[in-house]
Amino acid sequence: MAAAILAFAHHVHHAHDAWAQGGALVTEDATPIRSAAPNEPAAAADSEPIEVVARTAMEPRAATKTLIDRESGRASAGAEGDATRALANAPGVARSSFGGGELVVWGASPEDTQVFVDGVPVPALYHLGGRRGIVATDAIESVELIPGAYGARWGRGTGGVVQVRTRRGEPRETGAALAVDTIDAGAVTWGALGDSGTVITSLRMSLLDRFADLVDDSSREVFAIPQYVDGSATLAFSTGEGETAQISFLGAQDELTRGRDDADPSVRRVETTRAGFVRVAARWEARRDDGTTTTIAPWVGFDEKQTSAQLATTSFGQAQRATRYGMRVEHGATLVEGRGPIEKLGLVGGLDVEGRRDDFSRLGSLALPRREGDPFAFGDAPGGDVAEEETGLDSIGVGAYLIAILRIRRVEIEMGLRLDHDVVAGDAVREPAPRTTAIGYAVYEPSVEPRVAVRVDLGAGTSVFAAGGLYHQAPNPSDRSPVFGTPILELARAVAASGGLRARPSPLWGFEIVGFGRYVDGLAVRSDEAFPRAGKALVPTGEARAFGTQIAASASTSFGLRIAASYTVSRSVRRRAPDESDRPFDGDQPHVATMLGDQTIGPLRLGLRFRVASGAPRTPVESAYFDDFADRYRPVYGRLGTERLPAFVQLDARAEVNVSKEPQGSFYLDVQNVTNHKNVEEIAYSSDYRERDDILGLPIFPVVGTRWIW
Amino acid sequence: MIGRRLALLCVLPVAAACVPEVGEPPSAVSRTRVLGVSFEPAEARPGEPFVAKALVVGPDGELDDPSIAWAACVAPKRPTDSGSVTPLCIDGPWAIPLATGATVEGEVPDYACGNLGPESPPGEYRPPDPDKTGGFYMPVRAIVEDETAFGMLRLRCKLTNVPVDVAAELNERWTPNRNVGPVEVTIVPRGPGSFEIRARVAATSAETYELYDVAEDRAVTQRERLIASFYSAGIDVTPSRVEIDPDRLEDEMLVARATATGPADLAEASVWVVVRDDRGGVAWSGGPVAPP
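Note that this is a predicted model, so its numbers are computed, not measured. (Residues numbered from 1 in each chain as written. Chains lettered and ligands numbered in written order. Predicted model: local features only at pLDDT ≥ 70, side-chain atom pairs only at ≥ 80, totals over all residues.)

## Considering the overall build of chain B
Here is step 1: Scanning chain B for helices and strands turns up 4 helices and 20 strands.
Here is step 2: Along the three orthogonal principal directions, the C-alpha set of chain B runs to about 65 × 60 × 45 Å.
Here is step 3: When burial is assessed residue by residue, chain B has 46% of its 292 residues classed as buried. (Helix = DSSP H or I, 4+ residues; strand = E, 2+ residues; numbered from the N terminus. Buried ≥ 20, exposed ≤ 12 C-beta atoms within 10 Å, placed from the backbone.)

## Here we look at the overall build of chain A
Here is step 1: A tally of helices and strands in chain A yields 5 helices and 35 strands.
Here is step 2: At 25 Å, chain A has a C-alpha radius of gyration in line with the 27 Å of a compact globule built from 710 residues.
Here is step 3: Principal-axis analysis of the C-alpha atoms gives chain A an extent of 75 × 55 × 50 Å.
Here is step 4: Relative to all contacts within chain A whose residues are 6 or more apart in sequence, the contacts with residues 24 or more apart total 66%. (Rg over C-alpha atoms; globule rule 2.2 N^0.38 Å. Contact = placed C-beta atoms within 7 Å.)

## Regarding the interface of chain B and chain A
Here is step 1: Each partner contributes to the interface: chain B provides 64 residues, whereas chain A provides 67 residues.
Here is step 2: Mapped onto the side of chain B that touches chain A, the elements with two or more residues apiece are helix H1 (2-16), strand E1 (33-40), helix H2 (87-91), strand E9 (147-155), strand E14 (226-233) and strand E16 (241-244) of chain B.
Here is step 3: The class makeup of the residues in the side of chain B that touches chain A is 37 nonpolar, 13 polar and 14 charged.
Here is step 4: In this structure, strand E28 (residues 621-627) of chain A lies alongside E9 of chain B, joined through 2 bridges in parallel fashion. Each bridged residue has a counterpart across the sheet, and for Phe626 of chain A the counterpart in E9 of chain B is Ala149 of chain B. (Nonpolar A, V, L, I, M, F, W, Y, C, P; charged D, E, K, R; others polar. Pairing = 2+ DSSP bridges.)

## Section: the environment of Asp588 of chain A
Residues and elements named next belong to chain A.
Here is step 1: Here Asp588 shows up in the loop between strand E24 (583-584) and strand E25 (591-601).
Here is step 2: Distance in space between the C-alpha atoms of Asp588 and Arg95 is 9.8 Å, their sequence separation being 493 residues.
Here is step 3: When residues no more than four places from it in sequence are discounted, the contact partners of Asp588 are Gly107, Arg571, Ser572 and Pro617.

## Topic: the domain arrangement of chain B
Many structure descriptions define interface size as the accessible area lost when the parts assemble.
Residue and element names in this part refer to chain B.
Here is step 1: For chain B, the assigned domains are domain 1 (24-158) and domain 2 (162-292).
Here is step 2: Here the C-alpha centre of domain 2 lies 20 Å away from the C-alpha centre of domain 1.
Here is step 3: Here the side of domain 1 that touches domain 2 is composed, by residue class, of 13 nonpolar, 7 polar and 4 charged. (Domains from an automatic or database assignment.)

## A few points about the nonpolar core
Here is step 1: Within the largest apolar cluster, 89 residues are counted, with the highest numbers of intra-cluster contacts made by Met138, Leu155 and Val275 of chain B.
Here is step 2: In this structure, Leu155 of chain B is in contact with Ala44, Val108, Ala112, Cys113, Leu116, Gly117, Phe136, Tyr137 and Met138 of chain B, ignoring residues within four places of it in sequence.
Here is step 3: In this structure, Tyr126, Leu250, Phe516 and Val539 of chain A belong to the second largest nonpolar core, which totals 82 residues. (Core = buried A, V, L, I, M, F, W, Y, C linked by C-beta atoms within 7 Å.)

## As for the environment of Val108 of chain B
Residues and elements named next belong to chain B.
Here is step 1: One can find Val108 in the loop between strand E7 (103-107) and helix H3 (112-115).
Here is step 2: Along the sequence, Val108 and Ala72 sit 36 residues apart, while their C-alpha atoms lie 8.5 Å from each other.
Here is step 3: Apart from the residues within four sequence positions on either side, Val108 is in contact with Ala44, Arg45, Pro46, Gly47, Glu48, Phe50, Met138 and Leu155.

## Some thoughts on unusual backbone geometry
The phi angle of most residues is negative, glycine excepted, and most peptide bonds adopt the trans form.
Here is step 1: Each neighbour pair has its own omega, and for Glu662 of chain A with Pro663 of chain A the value is -5°, a cis peptide bond.
Here is step 2: Tracing the backbone shows Pro663 of chain A in the loop between strand E31 (648-661) and strand E32 (664-672).
Here is step 3: Of note, the bond from Glu40 of chain B into Pro41 of chain B is cis; its omega dihedral lies within 30 degrees of zero at 0°.
Here is step 4: Position of Pro41 of chain B relative to the elements: it lies in the loop between E1 and strand E2 (43-44).

## Digging into the sheet that holds E14 of chain B
All names here are of chain B.
Here is step 1: An order of E16-E14-E19-E20 is seen for the 4 strands of this open sheet, with the pairing classed as antiparallel. Two strands lie at the open edges of the sheet, namely E16 and strand E20 (282-289), each paired on one side alone. Within the sheet, the average angular offset between the axes of one strand and its neighbour, ignoring direction, is 20°.
Here is step 2: For strand E19 (residues 269-277) and E20, the ladder comprises 8 bridges, and the chain directions are antiparallel. The partner of Trp272 across the bridge, within E20, is Gly286. (Axes fitted to C-alpha atoms, helices over the stretch in contact; angles between N-to-C directions.)

## Observations concerning the pairing of strand E26 (residues 604-613) of chain A
Residue and element names in this part refer to chain A.
Here is step 1: One ladder, built from 10 bridges, connects E25 with E26; its direction is antiparallel. Within E26, the residue paired with Gln599 across the bridge is Leu606.
Here is step 2: The hairpin turn running from E25 into E26, its antiparallel successor, is 2 residues long, and Gly602 in that turn takes a positive phi close to 60°.
Here is step 3: Pairing of E26 with E31, which is carried by 10 bridges, proceeds in the antiparallel orientation. Paired with Arg609 across the strands is Asp652, a residue of E31.

## A few points about the pairing of strand E17 (residues 411-426) of chain A
All names here are of chain A.
Here is step 1: Across 16 bridges, the pairing between strand E16 (residues 387-408) and E17 is antiparallel. Looking across to E17, one finds that Ile405 is bridged to Glu414.
Here is step 2: Connecting the antiparallel pair E16 and E17 is a turn made up of 2 residues, with Arg409 showing a positive phi of about 50°.
Here is step 3: Bridge analysis of E17 against strand E18 (residues 441-459) gives 16 bridges, and the strand direction is antiparallel. Counted as the bridge partner of Ile413 is Val454 from E18.

Here is the structure:
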């Protein structure tokens, strides 16, 4: 939880003063009573920590979260100028493989962690390849990670929640930011609209892909060069006293090609993924003097993802298009204030509606795409079996939640109840015979999710906290395929809990220790039946367990040096069925340690990041057989996940020099792996699997950039 | 220009990271290997006999009378199984021992199309998926020394999940799958230590066949793809495999070429070429080849 590290420094120094702040990450202190609302500027959470500022309605908040503001995230060593990439430093977050960008939080699958931009769900936090967030850094206000055990405001997920808050303009303020580096170039503008309105726009496009011809196929087989464009526009204005309205647009388009187009068809391996999304959202919010708040936030959007691959002589293609929509209506009020021992009692209730229409087409082997837990060896190709489908799915979920927040002296209790009603209607319950009409289906899936959180202020800057609850998550829509999956799959159920202690004995240093655990069942896994029933290639028998402890500490000095360290020890295991033995989760990293250092000397700002992480699990190849039909050897695997890649060790450094105050201009150099440590990212095998070698990660990787603000 | 230099700074490390070449190329024969398994006939119905043979070679050339332990496997591939056969076929009880020898005679089990093809057991079971040519296959295992290989015998199963009129049309137009025609291998000097290996097969090796196109809802005619695989002991051959363009004829033959490098005074080398079609047809040729 390097994140926690600089939290104290953040409070001590003035928020949003990048040069004074120097911090790479900020975590919310447990002591403040008021926290940021989902769409509230991060500055709201940065109020003086001890002072109670709850003049408005009390709002639910996560027991554990990491909050990264734009400037500190951008300046974090190793983030390459992207604030969202600084999330990798947060405690409880596993290191993602190079070129992956998966967000594994508290041992949960990346798809279990939901990502929201201003409260609107988006398909991913990062562009394909994981080198950049989907929103330009100068267009965001902050990024927040709630790793788990969150309150009733959030549902439909068993992992964590990431909230990106976009930048808020100030009335009568006009400006622009231009950022160019070797990865991409983007511009953000902000301006006034009348007396109280603001307009913010951003546009960014990748640059690295324009030099892709400098990289040979063999390198691109491991490290794909991303190509993307993204943009956003937000129009905000006041509709009355205490009322704000906002209309926003957000979109991104990606293309990523990985592999080598070899003349030898047996080693040809080219995979191209195109992905994009668009969101249009509105939001109206009223904050009354009587302590009530009301929010109405509808949105619509469109997601698209296409993958086509040629793996040896086997082809694979998949396309998914989704029309998505949703709305959140929330009302909060303070019911009791200062009556007897009750300091405050507040209620927050809301409706959280989300629907989607998915249309799929898929052609290829049942083994593709690879699922979590499937054994694999780099360069292997699936069997030649081919299935095909075109189908669709409608789903809508209505979640109603009620949260009561009670504060009695130094104890704050948050009790929530969330009732979700999900209806899924698919075009086909099984593959229809030719010239027959598919038999559709509809399923109603209710779920009840109690949530609770308790915080006790022990005084002297120390607090203890605990939180937990029940959670549900629908299977990935593509898992409901009548050909490749199982249309009628139940929801995955999870129980998650966390608890810990956060202390800040002095304004200059503090620490935090958090324990966490999660148990999930009902996960969709591949059937191991020799003769699975039609429309039941997946079965909901999978189980997952994750538990661990994260420790974070931070300190700052009077001469501007800030250091922070975090260590997470955890275990994340899965099993295909209750009667089977555990195996490590694909993203399991038992040990992850991060150290951050940051020093400002005049116009120069220097940063360091040192990371150590356990290697990812791999399934050993025990032998191989020659498949004459495919003319290639195929691996025979040992026990799942009984081998690990070597530990990852890396030192990153960053230097930024401010060259101009008006306009504010700076140049920076962010260098990953400054010691050129040879980290193993994957295992390569000989064609007959009798020999193996390491595929190493990047050597020294510099990113040079400049940023100007007018 | 400056931007390109900056980008170079960033891109070059990526270029420095690549997949290492591990072990020998697929074409190298430095131990006993099974290079090909073929069946006669190349497609069989349940209950029909078949003969399987294998090309087994070593650094010293083709093994004269290899002792191959043969077994047929009728275990269906489960959704959890990766690769082309279930592990139950590799060392499990589902492998039915046949005999030991250079070739073997066997019979396709009556229930092969039920386990491995579209004739799934009564009840609404999900049958195995065919390959892109609409074929289903029975794995036949061949073990020689420490090498395990699987040949795939194409099964002639009943047409299911196909409209009656299309099934009738497909049955009417059906022609048996045949193995690839004889392969001729020659080696031609191209310069000091450089040779061209040339494999020729009859143009009729790329057969046409009928397939039910689900999207079009009709029978369509397809043509087999041919791939030539080059193997050698003592010289380096590249590429290991070459796709043969069925429309490009040379002297009315289909030709695949690879380049070999070896000593300039090469007197003889062992070279094998295995040509496969994408319906399981196989043929091979090779052995000691001397440059003219």
